[in-house]
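Chain and residue survey
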There are 2 protein chains.
Amino acid sequence: MLAAWHVARQLYRCRTSHLIRVRLGCSESQKKLAVFIPRRALSTFQPNTMASLDSITTSLAALSIKPTATIDHAATTSPATWKEAIIANESAPKSFELIKTLVYKPKTAKTATPVPVVVIARDATETNSSAIGKALNLKELRLAATDLLTEFFSLDKDSLSPLALNGQNFPKVQTIVDSSIASSSALFALHAHSSSSTVFLTGADILAYLQKLETADVKIQELDFHNLVPSLASATHTSRAPVKEKEDAKIEGAVQIAIGVKKEVDFSAWYTNVLIKADMLDYYSVSGCYILKPWSYSIWEEIQSWFNVEIKKLGVQNSYFPMFVSAKVLEREKDHIEGFSPEVAWVTRAGQSDLEEPIAIRPTSETAMYPYYAKWIKSHRDLPLKLNQWNSVVRWEFKNPQPFLRTREFLWQEGHTAHLTKAEADTEVLQILDLYRQVYEDLLAVPVIPGIKSEKEKFAGGLYTTTLEGYIPTSGRGIQAATSHCLGQNFSRPEMFNIFVEDPNDSTKKTYVWQNSWGLSTRAIGVMVMVHGDNQGLVLPPRVASIQVVVVPCGITAKTSDEQRAEINDACDELAKTLLKADIRAKADLRDGYTPGWKFNDWEQKGVPIRLEIGPNDLAKQQTLTVRRDTGAKNPVSLNDIGSTINALLTTIQSEMFTRARDAYNSRIKEVTHWDDVVPTLDNKGIAVIPWCEVEACEDDIKERSGRSAEPQDERAPSAGAKSLAIPYEQSRWTPIEPGKTKCPACGKDAKRWTMFGRSY
Amino acid sequence: MLAAWHVARQLYRCRTSHLIRVRLGCSESQKKLAVFIPRRALSTFQPNTMASLDSITTSLAALSIKPTATIDHAATTSPATWKEAIIANESAPKSFELIKTLVYKPKTAKTATPVPVVVIARDATETNSSAIGKALNLKELRLAATDLLTEFFSLDKDSLSPLALNGQNFPKVQTIVDSSIASSSALFALHAHSSSSTVFLTGADILAYLQKLETADVKIQELDFHNLVPSLASATHTSRAPVKEKEDAKIEGAVQIAIGVKKEVDFSAWYTNVLIKADMLDYYSVSGCYILKPWSYSIWEEIQSWFNVEIKKLGVQNSYFPMFVSAKVLEREKDHIEGFSPEVAWVTRAGQSDLEEPIAIRPTSETAMYPYYAKWIKSHRDLPLKLNQWNSVVRWEFKNPQPFLRTREFLWQEGHTAHLTKAEADTEVLQILDLYRQVYEDLLAVPVIPGIKSEKEKFAGGLYTTTLEGYIPTSGRGIQAATSHCLGQNFSRPEMFNIFVEDPNDSTKKTYVWQNSWGLSTRAIGVMVMVHGDNQGLVLPPRVASIQVVVVPCGITAKTSDEQRAEINDACDELAKTLLKADIRAKADLRDGYTPGWKFNDWEQKGVPIRLEIGPNDLAKQQTLTVRRDTGAKNPVSLNDIGSTINALLTTIQSEMFTRARDAYNSRIKEVTHWDDVVPTLDNKGIAVIPWCEVEACEDDIKERSGRSAEPQDERAPSAGAKSLAIPYEQSRWTPIEPGKTKCPACGKDAKRWTMFGRSY
């Protein structure tokens, strides 16, 4: 059968030129898997559970296959939850094995239709993409994105199963079957076109079903996964605290349960999976836009309330300007608008009638606000004017969007201030930058480096830009965390917005105001996820976690009496209440029909900092088991004075999370004085700090030369060439530059300041 | 000259047909003045102070008129601030009189160009629009709107002066001059094309300047205002606490200073003036959109923080959905979209490229959110789902916009919840309605009546709509304050968004979820302004005032020593700090260069609930004078335990403001059982509560019949026909309806429930 298949495969492949390209092109290319998102923007069009179940049983009947059982249950989003759901159902067989159905996409020219590889295996079977790729001579397998799943099966990954294959789609895909299925006597659970219904078939049944679909050209391929060489280990660079390592080992299954893709193996897939599984975000029917669900929006609310207090201390007031900007006003500042015009969204129609003039949706509000600053600022008594607004702005990116990091609409705050003197403006720029630093370091436990942007990288139309540079260890890339700009008098000068007051010291003279603008966006949430998340899912720093502690009742079995059960639940409820009184955001998870294991996994995915377990023994000893999300460390503690115990632990977690992240950042910042060391540093996921000449031409040159030698990037990967990230304020970290002696390693000119160069988002 | 002018006027008038129409149309028409807004969206294009001053002096020189003096000063927004600014300036003449320049617009066909009436008078001269109108045989004079001022003079009202008249605009207007100017020996202060510069001329100079502009057709007209019969008194229906009356008398000037237009005389002009002078809002270059300045936005923040706490108690979580909605999704629910489609704004272009499909900006988010509810709600365990978002929505009104009440973009919260049972949904609808009631009554001190909307008035696509009906005594109109809708299963049913769970009691049955949506918008702020504001300006209820108490140093004169001045200022500063410690939002106004009188006026316009004055004597007695903004009542209190004294006073003010407003509301609600009493009740600014049949045809009929007899409305006035406002829950307020016996006064059918009918916004 294998041989037959190979022939068929060759024939088939000849019909799909892009696959040839894959076979040539793959070797040099980096291993990156595409994201695996349970997206159902159009879920309302999907067959509902009942309907699907009926259709399945009918089609199986046609093949005279009679399922051992068919059941409906709560929707499931992972093998773990699926298993739970089945076990919870009386009419389910007592013994069964899960079938997993994975769809891979080989790299394909954008114009060509891909031939997905459908892998059907026992859930327990280790299915390693590169190993499969090797066996199929396709070295660039990536888990397929939702769009593709929808296109081929009109199902999401949680509803997928061998039964998703039919006469229409089978010829369009390559089907691989775990050979141990056929030989197995086990009963297998398959999704019936829905994550909330399950059909039970024997291995023989499954095979029979698939063989019915075979054509002269396209056959299924059985594969003995146990004889495949797993190359996973070599591909991973895991760096975790020993305790964590133990955890992984202990609940190997859970790693797969939790996120399905390892952070170190396929970072982008891992990232989006975490966002979905942690219930932070969902995809939206307008591409590039995302739904911020309460679990992520609450983090934004924490940031808002902290930041509002701080800026009000600086005399900043909140306000709201309209989202619309007239074309005339928007295009007033040429350099500025050049930076945005390609991304501006235009409203041209209202109801049935076209607008006389198209109206822009703000990409940022400088030009929308400053005509009014000119109107309101009439005397030096009106200065400083400090306004802030929390709003959303629209930048219609055509590049690949990424949740939180690059989206077409995003939430942010934008502060716009006007001052009498440059000194005042300069001071505020740094005050704000430091508030942003506190948001990242103290609230999100994410280390950042304050510095100033090069002329090339500064804000369009501004005088200078100060920045916080973050760093994502997994990708080895820098990321701009927040910026605070001094606009100088570029927007206030007469030919611009003409914002001036009479010089208080000389009423015959006019002083044009000095302006700043500064912004922090929801991107911060994405950076936090990337820095702290692990293969169990999200890891939340306590200060921004909407639930800091979850209390889970344990040791409840079928034998547990209702009294005992009630007693344990009450204890958990009581504990949560006690913690709430101690200003700890605590919750008792008393949901029926879910096992402790299911709950552990659920809250670990969502990154709750501390889990408290209470079982009969704990109750007897008046203690509870604390489990840290960040390290996995477990520790029984007394219920006496539990409030202060937990508060202390939360503080510890917050600071240790930051320390670990900061050490990781620092360990990747390399002082580089020879050009030859630059690219290796970058390739080693490092940031090269060089004594730089600060000449723009040199920056372009560095980007070009460092990009050239870099390995080709995944389509979703950020630019490969290194750009200047920041000129850090803390120059003392590196060997003092000797004026006239220290040279720029890139061009040999005199070095000015140590400057961070790196690949970036 | 008068005679000559009359002839010229007749000739001139023949060239302006619309004026004829005015003369015919005016008599029956209501006296309403257009709004008087210092709008300078394009202020950056305006001649700046210096330039204007130069140009003026040159042009005067050409007439060999030499100003006695010319000075620059801080921008001024009222006669009071202007006077202050001049006095503060050394180079200003010691004795002078202000010149006021008022521009009136006679009612004009939209298509025709109006002929504005420019009135130039001594500031002291009582200029009464109806009296002037009578004299000119133009009975519909309204203060001109900004657009018109910009069009004719490219100046705002604060920069206006006789010098704004020139060869171009003079023939296009009708110029009236206070005859007492020519005869006066006084020196007059005139704005020089800018509110921050002043020229001093004699009456003769002014007249000379104007006469140079006269043409054969168009002359100036001198008018002896003292011989005009003022009909103002008769036109006003003022109802104020005696104390307040005294206040008015005492600072007559201040009434005009404050708002310029009396609330009872020209409500809409008063309304917008209050918003501008209280610094709550500014007009924006995109029409129908407004800038919410900190003074109003802070009120919204107060509402947000209170409401967030309350809904979280109900298990509602905040989230954020994108502002964009695809056409397909938006148009899913037909009845629903019909209600909005004429007002939907469409994005069709991004950067330079047209979008494949136009994308809507949400007018509300039901259809944007519910596909995801269908996806997320898989089991009854997922219910109830309760999400809320604070965002802005866009409804491109083509009707005349009004700040806060009807704007193209507005801020609101929209809650969207899904429940297993109708009972649950019904309960929540009322829980939310009561939260809205508390926002209005407890925070804004605005009385509202909870009830249910008629079928005709309910939310498009919903099952039923509950509402809070507010009332604006000055206009005698009802206003919808907030609505809480039960959508029933209209959006969840299969052909719609197909949102269902398995019936927990019968897994073979599907239950379609019951949904609610509820919203509260910034309209609430507008209602609060209309209900509480007076002729001094805004009156803020303490609970939403961002500054509850302002402390003003008094009794400081030129003779005051620096030590004394410092002592008083320190005492004020100290007092403010003490109050802050007592959780009172207090501020000490220690601004230099402003007199106490100027500060009093400034804070009264802004509606700060309590003013505290400290002068040398107060200091000696260790006391401070409390002045209530709402009643004007003054009362000296000891500085001992001042915190609790003021807290108590704030509580009193809050509750008395509400009580007064509630009594005013109740006094206008009339039980009406005969049709003949309906229209008189409405015309008397009342709300008619009738025992209604609840038949839709009858409602249409009532609207038609009650509208017919109403006097014609100002273009900015809301609809004249009466519609059903609400069927109040508290039916017991009125005579019990006897089923079968009590008849609907409109159609004679059997009455069902007492229903409020009234004109409305």
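Please read these numbers as outputs of a predicted model, since none were measured by experiment.

Residue and element names in this part refer to chain A. For chain A, the average pLDDT comes to 85, and 87% of its residues sit at 70 or higher. Confidence drops under pLDDT 50 across residues 1-51; counting only partners more than four residues distant or on other chains, this segment forms 132 contacts. Under a pLDDT of 50 for its full length, residues 229-257 has, in the predicted model, 42 contacts with residues more than four places off or in other chains. Here the predicted complex scores 0.72 on pTM and 0.72 on ipTM.

This part is about the domain arrangement of chain A. All names here are of chain A. Domain annotation of chain A identifies domain 1 (1-45), domain 2 (49-231), domain 3 (300-323 + 362-532), domain 4 (542-664) and domain 5 (669-758). Each partner contributes to the interface: domain 3 provides 22 residues, whereas domain 5 provides 23 residues. Both faces considered, domain 3 and domain 5 share a buried interface measuring about 1,800 Å² in area, 56% of it formed by carbon and sulfur atoms. Among the residues domain 3 hides against domain 5, the three largest losses belong to Ile 449, Lys 456 and Arg 477. Together they make up 32% of the total. Where domain 3 touches domain 5, the interface holds two salt bridges. The closest approach of N and O atoms between Asp 700 and Lys 456, which form a salt bridge, is 2.8 Å. Summed over the shared surface of domain 3 and domain 5, the result is eight residue pairs in polar contact (both at pLDDT 80 or more).

Take the packing of helix 19 (residues 562-581) of chain B against helix 22 (residues 642-667) of chain B next. All names here are of chain B. Orientation of helix 19 relative to helix 22, taken along the N-to-C sense of each, is 70°, at an axis distance of 9 Å. Between helix 19 and helix 22, the interaxial angle falls into the category roughly perpendicular. The two elements helix 19 and helix 22 cross, and the hand of that crossing is right-handed. Mapping the contact onto sequence places Leu 575, Thr 578 and Leu 579 in helix 19 and Ile 642, Gly 643 and Ile 646 in helix 22. For the contact of helix 19 with helix 22, the residue count by class is four nonpolar, two polar and no charged.

For the pair of chain copies, the relating transformation is a rotation about an axis with a translation along it. Least-squares fitting of chain B to chain A yields an RMSD of 0.1 Å, with the transformation described by 0.0 Å of translation along the axis and a rotation of 180°. Each copy turns onto its partner about a two-fold axis. Using C-alpha coordinates, one finds that chain B approaches the rotation axis most closely at B:Val347, a distance of 2.1 Å. The share of interface residues of chain B whose copies in chain A are also at the interface is 100%, consistent with both copies meeting through the same surface.

With that settled, consider helix 18 (residues 523-532) of chain A. Counting buried positions along helix 18 of chain A gives 10 out of 10 residues, so the element sits mostly inside the fold. By the burial criterion, the buried members of helix 18 of chain A are A:Arg523, A:Ala524, A:Ile525, A:Gly526, A:Val527, A:Met528, A:Val529, A:Met530, A:Val531 and A:His532.

Further remarks concern the pattern of salt bridges. Summed over the entire model, instances satisfying the criterion amount to 68 salt bridges over all chains. With a closest N to O distance of 2.6 Å, B:Arg122 and B:Glu97 form a salt bridge. Residue B:Arg122 is found in strand 3 (residues 117-122), and its partner B:Glu97 is found in strand 2 (residues 97-105); the two are separated by 25 residues along the sequence. In this structure B:Arg122 comes out as buried when scored by relative accessible area, which is 18%. The salt bridge involving B:Asp589 is made with B:Lys599; its shortest N-O contact spans 3.8 Å. In this pair, B:Asp589 is assigned in the loop between strand 24 (586-588) and helix 20 (596-605) and B:Lys599 in helix 20, connecting sequence segments 10 residues apart. Members of the salt-bridge network, linked through shared partners, are A:Asp589, A:Arg591, A:Lys599 and A:Asp602.

The next point concerns the packing of aromatic side chains. For any two aromatic rings, the description comes down to two numbers: the centre-to-centre distance and the angle of the planes. Applying the stated criterion across every chain, the model contains 50 aromatic pairs over all chains. By the ring-pair criterion, three or more aromatic residues cluster together here, those being A:Tyr284, B:Phe321, B:Tyr370, B:Tyr372, B:Tyr373, B:Trp376, B:Phe491 and B:Phe497. Here the basic side chain of A:Arg611 rests over the ring of A:Phe600, its NZ or CZ set 3.7 Å away from the ring centre. Above the ring of B:Trp675, the side-chain terminus of B:Arg705 is found at 3.9 Å from the ring centroid.

This part is about the sheet that holds strand 14 (residues 353-361) of chain B. Ordered by their spatial adjacency, six strands build an open sheet running 12(A)-14(A)-13(A)-13(B)-14(B)-12(B), and the pairing between neighbours is antiparallel. This sheet does not close on itself; its edge strands, each paired only once, are strand 12 (324-326) of chain A together with strand 12 (324-326) of chain B. Strand-to-strand twist in this sheet, taken as the mean axis angle between neighbours without regard to direction, amounts to 45°. Where strand 12 of chain B lies against strand 14 of chain B, three bridges are found, and the strand directions are antiparallel. Looking across to strand 14 of chain B, one finds that B:Val325 is bridged to B:Ala360.

Moving on, we get to the interface of chain B and chain A. Tallying the contact residues gives 81 residues for chain B and 81 residues for chain A. Between chain B and chain A, the buried area comes to about 7,000 Å², and carbon and sulfur atoms account for 60% of it. Counting every contact that joins chain B to chain A gives four salt bridges. Residue B:Lys312 pairs with A:Glu301 through a salt bridge whose shortest N-O separation is 3.6 Å. Put simply, chain B and chain A have 23 residue pairs in polar contact (both at pLDDT 80 or more) between them. Residues that form the side of chain B that touches chain A fall into these classes: 45 nonpolar, 18 polar and 18 charged. Bridge analysis of strand 13 (residues 345-350) of chain A against strand 13 (residues 345-350) of chain B gives five bridges, and the strand direction is antiparallel. In the sheet register, A:Ala345 faces strand 13 of chain B, and the bridge partner there is B:Ala350.

Attention now moves to the environment of A:Pro473. Residue and element names in this part refer to chain A. Assignment of secondary structure puts Pro 473 in the loop between strand 18 (464-472) and strand 19 (477-488). With 191 residues separating them along the chain, Pro 473 and Ala 664 place their C-alpha atoms 6.9 Å apart. Setting aside chain neighbours within four positions, we find Pro 473 in contact with Ala 664, Arg 668 and Lys 685.

All names here are of chain A. Following the sequence through the fold, Arg 142 ends up in strand 4 (residues 142-143). Taking relative accessible area as the criterion, Arg 142 reaches 9% and is therefore assigned buried. Sequence spacing of Arg 142 and Ala 269 is 127 residues, and the spatial spacing of their C-alpha atoms is 9.5 Å.

Let us now look at the side chain of B:Asp156. Within the secondary structure, B:Asp156 sits in the loop between helix 6 (146-153) and strand 5 (174-178). Here the side chain of B:Asp156 touches B:Asp158 through a polar contact of 2.6 Å, landing on its backbone nitrogen.

With numbering aligned to this structure, UniProt lists the feature "domain: Aminoacyl-transfer RNA synthetases class-II family profile" (unreviewed entry) at residues 297-541 of chain A. For residues 297-541 of chain A, the end-to-end C-alpha separation is 15 Å, with 28% helix and 35% strand making up the annotated structure.

All names here are of chain B. Across the nine residues of strand 2, seven count as buried, placing the element largely inside the fold. The sheet contact formed by strand 2 and strand 6 (residues 187-191) spans two bridges and is parallel. From the neighbouring strand, Glu 97 faces strand 6, where its bridge partner is Phe 188. Direction of pairing for strand 2 relative to strand 3: antiparallel, over a ladder of six bridges. Each bridged residue has a counterpart across the sheet, and for Val 103 the counterpart in strand 3 is Val 118. The pairing of strand 2 with strand 4 (residues 142-143) spans two bridges and is classified as antiparallel. By the bridge assignment, Tyr 104 is partnered in strand 4 with Leu 143.

Conventions we followed
- Going along each chain's sequence as written, the residues are numbered from 1 onward.
- The naming scheme follows written order: chains are lettered A onward, ligands numbered 1 onward.
- Totals for whole chains, interfaces and linings use all residues, but because this is a predicted model, local features are given only for residues with pLDDT of at least 70 and pairs of side-chain atoms are given and counted only at 80 or more.
- Only hydrogens and water are set aside when side-chain values are computed; all heavy atoms of the structure are taken into account.
- As a per-residue measure, pLDDT reflects the predictor's confidence and takes values from 0 up to 100.
- Note on contacts: a residue pair qualifies if any of its non-hydrogen atoms lie within 4.5 Å across the two residues.
- Note: domain ranges come from an automatic or database domain assignment.
- Here's the idea: put two parts together, see how much 1.4 Å probe accessible area each one loses, and the total over both is what we call buried area.
- The rule for a salt bridge is simple: a side-chain nitrogen of Lys or Arg has to be within 4 Å of a carboxyl oxygen of Asp or Glu.
- Whenever two N or O atoms come within 3.5 Å, that pair is a polar contact, provided that in protein one can donate a hydrogen and the other can accept it, and provided that, for residues adjacent in sequence, both atoms are side-chain atoms.
- To define axes, lines are fitted to C-alpha atoms, for helices over the stretch in contact only, and angles between the resulting N-to-C directions are given on a 0 to 180 degree scale.
- Secondary structure elements are defined from DSSP: runs of H or I of at least 4 residues count as helices, runs of E of at least 2 residues count as strands, and each element is numbered from the N terminus.
- For classification purposes, angles smaller than 35 degrees are called roughly parallel, those larger than 145 roughly antiparallel, those between 65 and 115 roughly perpendicular, and all remaining angles oblique.
- Two helices crossing with the near one rotated counterclockwise from the far one by less than a right angle form a left-handed crossing, whereas a clockwise rotation gives a right-handed crossing.
- Gly is placed with the polar residues, together with every amino acid not listed as nonpolar (Ala, Val, Leu, Ile, Met, Phe, Trp, Tyr, Cys and Pro) or charged (Asp, Glu, Lys and Arg).
- A least-squares superposition brings the copies together, and it is based on the C-alpha atoms of residues with pLDDT no lower than 70 in both.
- Here the term buried applies to any residue with accessible area under 20% of the maximum for its type, exposed to any over 50%, and partly exposed to those in between, with areas from a 1.4 Å probe on protein chains only.
- Only Phe, Tyr and Trp rings are paired, with Trp represented by its six-membered ring, and only when their centres lie within 6.5 Å; those with planes under 30 degrees apart are stacked, over 60 edge-to-face, the remainder tilted.
- Here, a charge over a ring means that NZ of Lys or CZ of Arg falls within 6 Å of the ring centre while also lying within 35 degrees of the ring normal.
- One bridge is not enough; two strands pair if DSSP finds at least two bridges between them.
- UniProt positions are given in the numbering used here, feature names are shortened, and annotations may be inferred rather than shown by experiment.

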